[in-house]
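The lines below spell out each chain.
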Number of protein chains: 6
Amino acid sequence: MLLHLSTWAEIGEFLQRSRTIVVPIGSNEQHGPTGLLGTDWMCPEIIAHEAQKSADILISPTFNIGMAQHHLGFPGTISLRPSTFIAAIGDWVRSLAAHGFEKILFLNGHGGNVASIEAAFSELYAEASFARRPAGFALKLCNWWDLEGIGELAREQFPTGHGVHATPSEIAVTQWAYPDSIKSAGYSPQIAAWGPIREAQDFRARHPDGRMGSDPAQATPEKGHALVMMAAKGLVQELDAFSRESTPHGNG
Amino acid sequence: MLLHLSTWAEIGEFLQRSRTIVVPIGSNEQHGPTGLLGTDWMCPEIIAHEAQKSADILISPTFNIGMAQHHLGFPGTISLRPSTFIAAIGDWVRSLAAHGFEKILFLNGHGGNVASIEAAFSELYAEASFARRPAGFALKLCNWWDLEGIGELAREQFPTGHGVHATPSEIAVTQWAYPDSIKSAGYSPQIAAWGPIREAQDFRARHPDGRMGSDPAQATPEKGHALVMMAAKGLVQELDAFSRESTPHGNG
Amino acid sequence: MLLHLSTWAEIGEFLQRSRTIVVPIGSNEQHGPTGLLGTDWMCPEIIAHEAQKSADILISPTFNIGMAQHHLGFPGTISLRPSTFIAAIGDWVRSLAAHGFEKILFLNGHGGNVASIEAAFSELYAEASFARRPAGFALKLCNWWDLEGIGELAREQFPTGHGVHATPSEIAVTQWAYPDSIKSAGYSPQIAAWGPIREAQDFRARHPDGRMGSDPAQATPEKGHALVMMAAKGLVQELDAFSRESTPHGNG
Amino acid sequence: MLLHLSTWAEIGEFLQRSRTIVVPIGSNEQHGPTGLLGTDWMCPEIIAHEAQKSADILISPTFNIGMAQHHLGFPGTISLRPSTFIAAIGDWVRSLAAHGFEKILFLNGHGGNVASIEAAFSELYAEASFARRPAGFALKLCNWWDLEGIGELAREQFPTGHGVHATPSEIAVTQWAYPDSIKSAGYSPQIAAWGPIREAQDFRARHPDGRMGSDPAQATPEKGHALVMMAAKGLVQELDAFSRESTPHGNG
Amino acid sequence: MLLHLSTWAEIGEFLQRSRTIVVPIGSNEQHGPTGLLGTDWMCPEIIAHEAQKSADILISPTFNIGMAQHHLGFPGTISLRPSTFIAAIGDWVRSLAAHGFEKILFLNGHGGNVASIEAAFSELYAEASFARRPAGFALKLCNWWDLEGIGELAREQFPTGHGVHATPSEIAVTQWAYPDSIKSAGYSPQIAAWGPIREAQDFRARHPDGRMGSDPAQATPEKGHALVMMAAKGLVQELDAFSRESTPHGNG
Amino acid sequence: MLLHLSTWAEIGEFLQRSRTIVVPIGSNEQHGPTGLLGTDWMCPEIIAHEAQKSADILISPTFNIGMAQHHLGFPGTISLRPSTFIAAIGDWVRSLAAHGFEKILFLNGHGGNVASIEAAFSELYAEASFARRPAGFALKLCNWWDLEGIGELAREQFPTGHGVHATPSEIAVTQWAYPDSIKSAGYSPQIAAWGPIREAQDFRARHPDGRMGSDPAQATPEKGHALVMMAAKGLVQELDAFSRESTPHGNG
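Calculation rules
Counting restarts for each chain: residues are numbered from 1 in the order of the written sequence. Note on labels: chains are lettered from A, ligands numbered from 1, in written order. For a predicted model such as this one, the threshold for reporting local features is a pLDDT of at least 70, and the threshold for listing and counting side-chain atom pairs is 80 or more; totals across whole chains, interfaces and linings nevertheless cover every residue. Side-chain numbers here rest on the full set of heavy atoms in the structure, without hydrogens or water. UniProt positions are given in the numbering used here, feature names are shortened, and annotations may be inferred rather than shown by experiment. Put simply, DSSP H or I for four residues or longer makes a helix, DSSP E for two residues or longer makes a strand, and each gets a number counted from the N terminus. To get the radius of gyration, use the C-alpha atoms; to get the globule rule, take the number of residues to the power 0.38 and multiply by 2.2 Å. Think of it in three bands: with a 1.4 Å probe and only protein chains considered, a residue is buried below 20% of the maximum accessible area for its type, exposed above 50%, and partly exposed in between. Any two residues whose heavy atoms approach within 4.5 Å at even a single point are treated as in contact. Here the open area of atoms and residues is found with the Shrake-Rupley method and a 1.4 Å probe, where only the protein chains shown may cover a residue. Each pair of strands is called paired provided DSSP finds at least two bridges between the two strands. Least-squares superposition of the copies uses the C-alpha atoms of those residues scoring a pLDDT of at least 70 in each of them. Pairs of N or O atoms are called polar contacts if they sit within 3.5 Å, as long as, within protein, a hydrogen donor faces a hydrogen acceptor (for residues adjacent in sequence, only side-chain-to-side-chain pairs). Counted as salt bridges are all cases of a side-chain nitrogen of Lys or Arg within 4 Å of a carboxyl oxygen of Asp or Glu. The quantity called pLDDT is the predictor's confidence in a given residue, expressed from 0 to 100. As used here, the arc belongs to the directions running from the helix axis to the C-beta atoms. For helices, the axis comes from a line fit to the C-alpha atoms of the stretch in contact; other axes are also lines fit to C-alpha atoms, and the angle between any two N-to-C directions lies between 0 and 180 degrees. To pair, rings of Phe, Tyr and Trp, with the six-membered ring standing in for Trp, must have centres within 6.5 Å; the planes then decide the type, stacked if under 30 degrees apart, edge-to-face if over 60, and tilted in the middle. Here, over-ring charges are defined by two tests on the NZ atom of lysine or the CZ atom of arginine: distance to the ring centre within 6 Å, and angle to the ring normal within 35 degrees. Roughly parallel means an angle under 35 degrees; roughly antiparallel, over 145; roughly perpendicular, 65 to 115; everything else is oblique. Note on convention: near helix rotated counterclockwise from far helix by under a right angle means a left-handed crossing. Clockwise means right-handed.

Quoted verbatim from the Cofactor (unreviewed entry) field of UniProt, the annotation for chain A is "Zn(2+)".

Set out below in structure tokens:
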């Protein structure tokens, strides 16, 4: 069930049977010579939208701009600063919690988001902790590549040259979903170099075409399809476990 | 041209021929008994995506969560506070300006966003004004219903009961674009009441089903189609004029 | 009744008979070759002080610095950024609400303030909306030129060359109140040009003497007197209606 | 010369002969049974306006709301939080500095403002210090009761019962300037108690009528007149010294 | 009792017998040719740690970075901006108050901290004042040089050349506590000059070796020992009085 | 070399031979029935102070309060919110960078700090990235337990019951450094449970004595000694590599 294609009354009914929601979250940033700028927010969106076709789960609109300051040296990247990102995640969560959602799972598509999302969670929990009261909600960060089975499948599909940015797995996912937007280019070197992540100019100097450790030429729509199907299944499992988790009653 | 389906190199090439970009911006909020929660961000997205099919213009990802605090009394609404919204718009603009975009048009789908977007523009301009330097970019806010010809067409289509929230025109646009998500319900009264806009509880008390002054039953996909085609054409005109506008050289 | 010339006990007594207060709000900014820098905060102050002479209404001190970043290219302009303005309005409202004021009307003298004031209102309401509780106060923005009868009178007085900045109507009001500070200068052209509003350098290049669309030579103290009397009467009416407005009781 | 009764061109001319400006700053807060709520911002305004009658000095509009959180237990008090106050002072200074003002003297009327104003100065200086560049302006805080001769005169006028809040000296100043607003009441005890300053409820419990250590019954308009004349003279001296102070050239 | 060398259970037991805690707070900043960079946070730490040896008082970890923007022209200085400092003090206090501490004494070692610490206290109290509720805690700022007997002793030890920065008294305290880190250098002039405090470059130009009005050559470990012993005794007295102080019950 | 026991001139000399500095950073938070509240900031401090005895490296004062909101349910914990922590780290880095430090290594002692520290780094880098300029500094986060050899040694020392909070390895380190503060208590169960980390009340309910997965009874001062020596050596290696790392020159 997609929240943005529902009415408020339909969401009110959903809340009668479940208090769990999925927020696809990513980034809009360069993905090498052939990767799409939207890769990191489209991957979790693709997976989440696929998953809700066969399960009674609710998907929020996609949080499509994340923390990508290091990619700003490449045209098309749009980034929030961590402080802005934390504030925005805060308002999303406060909105959803006001409606009664108690389990909010962020399905993430960008490694560079992880620290800021976790900091945002702590910022939200801290309001309750300083006030010595329960938060009223539980937050979970789940990278799509950490869903059940995905790591193993990606290693089988791409035994070398997977890398960490502009990876063949994420590009394969977008190839399957957007077959009209498959791009091609030469890669030199075939597998890109690694390095530390700092400010945008430093990043571009270390990674002239934008890739980190990856060989995207291995991506195919078929591999993407397999990844999406497995990830969609993994997401439903993850949500099921998260929804069933109970809150302890303590002396706090 | 859709930025999120492009590579960074393609955006680099676009910047050689144009310094203008469109940001569809809206809100995710209740739209009465039959309007979709995503209406206000989907309308500008639908129009902008349509417009770029026949013109060499660039559309950024959609800014899908806006200032909708007054709708938080209805399930599914997600809102940023104005201060968060201003910060986020700021980072979007700073990102785009860093790449060399000089004309940034926000195509807006939510009346409640207008004040905060204009405040965000002033916040950005103020950095330059305090520093006594040029901003380097011009920002324009354009509500889709103010595009050339739309007001007249909507008055023809909906001579009564258009209203200001959950209007038949915006619902018609989403009906055309998402025909599988057309909802139906009874309306009582047929045309909803008006009133001041304050906090969420006050709003819900005044507007029990979420509409303001509107009768959405008049929406049809066909009317939506006509609106989209006219708006897409109007957007291209608007962008053309905005792109050609020159910056004065003064003694500031 | 002027709050700043009252004791706390007198305000305590006023609160027994009314929960409404007026905050004159404006800006300190250039007003062309002959307009006073204080024009935009003095106009609502003049009108509000006049109104309280014949009605039992309460006027707070004047909020005299607003959002005027675009005028910073002209000496004497003092501006808050929107974010600062929003924070300050927030603390004014929280202070007044703590005393039990439930209807707070901002009588505004500067068009450039409108977006930020409305954003400030939303920021305040959002605290209640996220917390699912009533705000406890209602806020109203009223530009003095929108008060009953003022638009018509100004059009009669200044059929051409009224414009939108350094207008003859606002200059007339200050001429009546500060007859020792009437300035004169030549205008070239007689009616100033219009244009978009962006950062300060751009503004000054477009509007070299600071006016927008106006011919202030038409201002006279007599015209100002007529405007003040009508506006004072309109303000009392507006307050009366606002004070009598009741809060709905809903299911929010 | 009053900035708000001047045109931008007049301020431009003033900047040709001086780079110094005075900002009257105070607070709007309870001042005991007979003191006016505006006392703390009206005193520096009265003194500064008096001073400019006989000297070529420039006075900005009055910053009339300060840090008075501890007085919020009494109706009519309006307070900024320190963080808001610091932000607002920052924007005032940045505005004035953008025009070329290099010496900005805040003539203060409220002891409770001192810490926040000094913190605001440090916040402004820190921008330059972190960037290893000159600030371009010097800021000075001057309480009106610390001007040359005032302390001695007040001790002569009020040998006992001067106290620190709702003092006879500040009330005398407002009595002289606003003779139509002189209030009377009984005081019990005649000289109020002292105590620590914490949150508003604590303050009101310790100081039920709002005074701290003072006996305002001793105030007269004549004493106020003497104070204003001496303070106006002291302000001109202070400004003269401040204006002539030169900036060192070092290896910083 | 040192909090950082205790377990949470031991602090829980302490709270059964006392609700008071000491926070040593200072700054890490240049202290002239021979003063240690840590002088201002080590002095209150040394005194507080000494005091708890003979009294049942609780000392928190030391808040070691304060507001020292003006010293940033000298290597090794680390400064928070006032806004950051206020936020951090706020979180310390909220943490301690959440455990039930009701009297929090900040033992300060840096004059430049005073304004920001007091602003931080007001920021914290304001939360309660706006909400019309008790704060639940009382905050006290105490400079170690203001403790009982210290002023007199320092005047005896250093009748001339005490000054206000890199003073012989504070350097003596660190000499006693860190005898292996006693430094020596020539001073020229023997007693340093005074001047206003502004941004870092201005400060360094006025005070080329970092001292203000002081002759640190007079410091000896023995004098430091006498100061520490007297200050430790004064701190225990101060805490005793602060702990016994009761909260008034008023009509707030 | 310890910065706080040095003069500014000594740091100026150090900067002639190195541009690298270590900031020990941790948290002050409950560490189970026997762990000291200061454990997480004392461990990196102990290791860094040990390392500088035999190498020409510079250690800043310890950043002793971190992000520990989840431990606020236990007396003695002091926590910054992530937003405050990010702001404070920002000012530390800006201070050090202003002096010319180009490599800043944060030696961390608290897992809960990692996300916020990384977010703080991105916040700092983003300033440069938005401005299209080099940052001028490189930041590195290094947990002491990730230093060369520590993981292996800890697994040898504590093959079971190491856990992730109040671990025997960190407690051993403090036992070696603070032998007078070794505490004892019974543990039930001997090895504590694991669980998700959310707000403070939730945490305390899941972990009634504060431990997560650990059996601290295995800690001894001797094991702590071995850990400190190996970590000190590892730190020097890490710094050596970090200092020698060069910045790429690119087209960014």
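Counting its regular elements, chain A contains 8 helices and 3 strands. Each helix and strand of chain A, placed in order from N terminus to C terminus, yields the pattern α-β-α-α-β-α-β-α-α-α-α. For a compact globule of 252 residues, the expected C-alpha radius of gyration is about 18 Å, and chain A comes in at 19 Å, within 12% of that figure. Overall, the C-alpha framework of chain A stretches about 55 × 40 × 30 Å when taken along its three principal axes. Looking at chain A as a whole, 66% of its 252 residues qualify as buried. Sequence separation of 24 or more characterises 76% of the internal contacts of chain A that already satisfy a separation of 6 or more. A total of about 8,200 Å² of accessible surface is found on chain A, and carbon and sulfur atoms cover 50% of it.

All names here are of chain E. Within strand β1 (residues 20–25), 6 of the 6 residues are buried, which leaves it mostly tucked inside the rest of the structure. When β1 meets strand β2 (residues 103–108), the two strands line up parallel, connected through 6 bridges. When the sheet's bridge partners are listed, V22 is paired in β2 with L105.

When chain D is fitted to chain C, the best match, at an RMSD of 0.0 Å, comes from turning it 180 degrees and sliding it 0.0 Å along the axis. On the angle and the small slide along the axis, the relation comes out as a two-fold axis. Counting the interface residues of chain D, we find that 98% of their copies in chain C are interface residues as well, pointing to one common contact surface.

Okay, the side chain of S169 of chain B next. Residue and element names in this part refer to chain B. Note that S169 resides in helix α6 (residues 168–177). There is a polar contact of 2.7 Å between the side chain of S169 and the side chain of H162. Excluding its chain neighbours within four sequence positions, the residues that come into contact with S169 are W144, F158, H162 and L227.

According to the stated counting rule, one finds 66 salt bridges over all chains in the structure shown. A salt bridge links K183 of chain B to E10 of chain A; the shortest N-O distance between them is 2.7 Å. Here E10 of chain A lies in helix α1 (residues 8–17) and K183 of chain B lies in the loop between α6 and α7 (200–206), a pairing that spans two chains. The class of E10 of chain A is partly exposed, set by a relative accessible area of 23%. Measuring nitrogen to oxygen at the nearest pair gives 2.9 Å for the salt bridge that ties D91 of chain F to R94 of chain F. Placement of the pair is D91 of chain F and R94 of chain F together in helix α3 (residues 82–98), with a separation of 3 residues, close to one helical turn. A relative accessible area of 0% means that D91 of chain F is categorised as buried.

Let us look at the interface of chain D and chain C. Taken residue by residue, the interface counts 50 residues in chain D and 50 residues in chain C. The interface formed by chain D and chain C holds 4 salt bridges in total. The closest approach of N and O atoms between D91 of chain C and R81 of chain D, which form a salt bridge, is 3.1 Å. Across the chain D-chain C interface, the total number found is 22 residue pairs in polar contact (both at pLDDT 80 or more).

When pLDDT is averaged across chain A, the result is 96; 98% of the residues are at 70 or more. Prediction confidence for the complex, expressed as pTM and ipTM, is 0.98 and 0.97 respectively.

A few words now on helix α1 (residues 8–17) of chain C. Every buried residue of α1 of chain C is listed here: W8, I11, G12, F14 and L15 of chain C. Buried residues of α1 of chain C, seen end-on, are gathered within an arc of 160 degrees and therefore sit on one face of the element. The inward-facing, buried residues of α1 of chain C abut β1 (20–25) of chain C together with α7 (200–206) of chain D.

The subject of this paragraph is the sheet that holds strand β3 (residues 138–143) of chain E. Residues and elements named next belong to chain E. In spatial order, the strands read β1-β2-β3; together these 3 strands make up an open sheet with parallel pairing. Since the sheet does not close on itself, it has two edges, and those belong to β1 and β3, each with one partner. Neighbour-to-neighbour, the strand axes of the sheet open up by a mean angle of 20 degrees, direction not taken into account. Across 6 bridges, β2 lies against β3 in parallel orientation. Following the sheet pairing, I104 is matched in β3 by L139. On the sheet, helix α4 (residues 114–130) packs against β1, β2 and β3 and is oriented at approximately 175 degrees with respect to β3.

So, about the environment of A192 of chain D. Residues and elements named next belong to chain D. Inspection of the secondary structure assignment puts A192 in the loop between α6 (168–177) and α7. Separated by 117 residues in the primary sequence, A192 and P75 have C-alpha atoms spaced 19 Å apart. Aside from chain neighbours lying at most four places away, what touches A192 is R211, M212, G213 and S214.

Looking now at the packing of aromatic side chains. Taken as a whole and judged by the stated rule, the model has 42 aromatic pairs over all chains. Summarising the aromatic geometry, the rings of F74 of chain A and F203 of chain A are spaced 6.4 Å apart at their centres and angled 85 degrees between planes, so their arrangement reads as edge-to-face. One end of the pair, F74 of chain A, is in the loop between α2 (39–51) and α3 (82–98); the other, F203 of chain A, is in helix α7 (residues 200–206), and 129 residues separate them in sequence. Of the two residues examined, F74 of chain A and F203 of chain A, each falls in the buried class. An aromatic cluster is present here, built from W8 of chain A together with F74 and F203 of chain B joined pairwise through their rings. Above the face of the F242 of chain C ring, K103 of chain C is positioned so that its terminal group lies 5.6 Å from the ring centre.

All names here are of chain C. Among the 10 residues of helix α6 (residues 168–177), 8 are classified as buried, and the element is accordingly described as predominantly covered. The complete set of buried residues in α6 reads P168, S169, E170, I171, A172, V173, T174 and Q175. Buried-residue contacts for α6 involve α2 (39–51) and α8 (221–244).

Let us now look at the side chain of S122 of chain F. Relative to the assigned elements, S122 of chain F resides in helix α4 (residues 114–130). For S122 of chain F, a relative accessible area of 14% puts it in the buried group. Setting aside residues no more than four positions away along its own chain, S122 of chain F makes contact with M67, Q69 and P82 of chain A.

Moving on: the sheet that holds strand β3 (residues 138–143) of chain A. Residue and element names in this part refer to chain A. In spatial order, the strands read β1-β2-β3; together these 3 strands make up an open sheet with parallel pairing. What marks the edges here is a single partner per strand, and that holds for β1 (20–25) and β3. Put simply, the sheet's adjacent strands are angled 20 degrees from each other on average, direction ignored. Relative to the sheet, α2 contacts β1 and β2 (103–108), its axis offset from that of β1 by approximately 150 degrees. Running at roughly 155 degrees to β1, α3 makes contact with β1, β2 and β3 of the sheet.

All names here are of chain A. Here α3 crosses helix α4 (residues 114–130) at 55 degrees, and the two axes come no closer than 9 Å. Of the possible angle classes, the one that applies to α3 and α4 is oblique. Between α3 and α4 the crossing geometry is right-handed. From α3, P82, F85, I86, I89, G90, V93 and R94 reach across to α4, where they touch S116, I117, A119, A120, E123, L124 and E127.

Moving on: the arrangement of the chains. These two, chain A and chain D, are apart from each other, with no contact and a minimum C-alpha gap of 18 Å. Looking at chain B next to chain E, you find no contact at all, with the nearest C-alpha pair sitting 18 Å apart.

This part covers the packing of helix α2 (residues 39–51) of chain E against helix α6 (residues 168–177) of chain E. All names here are of chain E. Between α2 and α6, the least distance of the axes is 9 Å, while the angle of their chain directions is 60 degrees. Put simply, α2 runs oblique to α6. When the axes of α2 and α6 are compared, the crossing they make is left-handed. Here T39, D40, M42, C43, I46 and E50 of α2 come into contact with α6, specifically with E170, V173, T174, W176 and A177.

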